[in-house]
Amino acid sequence: MWFSKTWNPDGLHIYITGGSTGLGLSLALILASQGAHVSIVGRNQARLNEALQAIEKCRKRPDQLFAVYSFDLSTYAGSADALGAVCKAHDDRSPDAIFNCAGSSKPMFLVNMTEHDMSAGMIQGYWVQAWTTMLAAKRMVREGAKGKIVLVSSTLGYMSFVGYASYSPAKHALRGLADTLQSEFMLYDGLDVHVFFPPTMFTPGYEEENKTKPKITRHIESTDGGLTADEAARALLEGIRRGHAHITGDIITSLFRASTRGVAPRHNVLLDIVYDFAAAIIAPIWRNGVDKRVRAHRGEHQQHLRDSGFFL
Ligand SMILES: NC(=O)C1=CN([C@@H]2O[C@H](COP(=O)(O)OP(=O)(O)OC[C@H]3O[C@@H](n4cnc5c(N)ncnc54)[C@H](OP(=O)(O)O)[C@@H]3O)[C@@H](O)[C@H]2O)C=CC1
Ligand SMILES: CCCCCCCCCCCCCCCC(=O)[C@@H](N)CO
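Residues numbered from 1 in each chain as written. Chains lettered and ligands numbered in written order. Predicted model: local features only at pLDDT ≥ 70, side-chain atom pairs only at ≥ 80, totals over all residues. Heavy atoms only, no water.

The protein is annotated in an unreviewed UniProt entry as 3-dehydrosphinganine reductase from Mycena metata. Regarding the protein, the relevant UniProt record gives this comment under Catalytic activity (unreviewed entry): "sphinganine + NADP(+) = 3-oxosphinganine + NADPH + H(+)". Word for word, the UniProt comment on the protein under Function (unreviewed entry) is "Catalyzes the reduction of 3'-oxosphinganine (3-ketodihydrosphingosine/KDS) to sphinganine (dihydrosphingosine/DHS), the second step of de novo sphingolipid biosynthesis." (UniProt positions renumbered as here; feature names shortened; annotations may be inferred.)

So, in structure tokens, the structure goes:
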């Protein structure tokens, strides 16, 4: 399955969760312009309608079907209803590819989180993609269909630092799910799983998470230059075209990919060995600087805890 080096979306039915903004919308626009039928799901109907208008402008042929559906994918039932609606418009057949882009994050200090913040991290990071993956796999296997399921993790699915206690565990969990399925789906012919690890992407979701993001977190992650949603979408599609199991679209995440590879297949063996070696040198130096910065932040953090009423 790693050796299929071409993928042409023309004429395929592609289901994009979280396709109304950010990465998912960029993917929808690119895939529509390449001749795919595109179905997207999100919660907010107004944003879905706007997305549909934008997708319509990318139409390549009159027979392409574009559809948007409002469902909350954080539950099994919502994900099942969404997938059912998406398939119904295509003779009840499963999509040829599913891009799980839905998700969100709320960076905060652990001790400032409520029970809801902590559990929402797992729901909006993991379950929002895992339920659709499970439901789609069942459908595809029952139909004997060939297809692709793509999960969207993050650089924070390979490593983490202060501020991401509710989010990074969920993105690590997606990697575990993808690695498992990359093995398990060897049982079926033509069912592929890919997992994407984007760095910072300048999207509406990024604007939203910056509202709660601690200053120290923002500072540490500024090492990463970031990508536009369009650049990230193109990197993801290139990874799929190359048949990569773990897809990275920037050098920093490629260093982490190579150095935390486990038994995931390498991309270019020689280059990945170079990345692994480079990470062995750079990672501890970077880490040392970050640890110093976090320790130097202790005084300001205590003040923040007092100001936020934590001790009351
Ligand atoms: N931006 C970044 O810096 C990074 C983001 N990521 C990940 O990439 C993915 C895309 O991020 P990005 O494009 O920034 O996000 P955006 O917030 O811009 O878009 C998220 C999309 O998902 C939808 N969505 C969110 N929650 C649900 C839900 N419970 N049910 C249905 N739809 C939902 C949103 O629509 P609506 O709100 O209307 O439901 C929207 O369409 C996410 O998984 C994110 O965690 C990874 C690394 C970096
Ligand atoms: C091998 C050594 C390399 C050293 C450099 C390390 C730099 C780390 C940058 C981390 C960037 C985190 C991006 C978060 C994206 C994300 O998922 C959030 N925006 C939440 O949505």
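Now that the structure has been shown, we can carry on.
Sorry if this is basic, but what is going on with the site of ligand 1 here?
Ligand 1 sits among 33 residues. The nearest are Ser20, Leu23, Arg43, Asn44 and Thr203. For ligand 1, an oxygen atom lies 2.9 Å from a polar atom in the backbone of asparagine 44. At 2.9 Å from a nitrogen atom of ligand 1 is found a main-chain nitrogen or oxygen belonging to leucine 73. Relative to its unbound accessible area of 890 Å², ligand 1 is 93% covered by the protein chains. Listed by contribution, the elements that provide at least two residues to the shell around ligand 1 are α1 (22–33), α4 (115–143) and α6 (204–209). Residues that form the shell around ligand 1 fall into these classes: 13 nonpolar, 16 polar and four charged. (Near = heavy atom within 4 Å. Polar contact = N/O pair within 3.5 Å; in protein donor to acceptor, adjacent residues only side chain to side chain. Areas by Shrake-Rupley, 256 points an atom, 1.4 Å probe, with all protein chains shown as cover. Helix = DSSP H or I, 4+ residues; strand = E, 2+ residues; numbered from the N terminus. Nonpolar A, V, L, I, M, F, W, Y, C, P; charged D, E, K, R; others polar.)

Honestly, the sheet that holds strand β1 (residues 13–17) in this entry has me stumped. Any pointers?
The strands making up a sheet are joined through hydrogen bonds of the backbone, oriented either antiparallel or parallel. What the seven strands build is an open sheet, ordered β3-β2-β1-β4-β5-β6-β9; its pairing is parallel. Of all the strands in the sheet, the pair left with one neighbour each is β3 (66–70) and β9 (246–247). By the bridge criterion, two bridges tie strand β6 (residues 191–196) to β9 in an arrangement that is parallel. Within β9, the position partnered with phenylalanine 196 by the bridge is isoleucine 247. On top of the sheet, helix α3 (residues 76–88) reaches β1, β2 (37–42) and β3; it is set at about 155 degrees to β1, its chief contact. Across the sheet, helix α5 (residues 168–184) touches β5 (147–152), β6 and β9, and the angle it forms with β6 is around 155 degrees. (Pairing = 2+ DSSP bridges. Contact = heavy atoms within 4.5 Å. Axes fitted to C-alpha atoms, helices over the stretch in contact; angles between N-to-C directions.)

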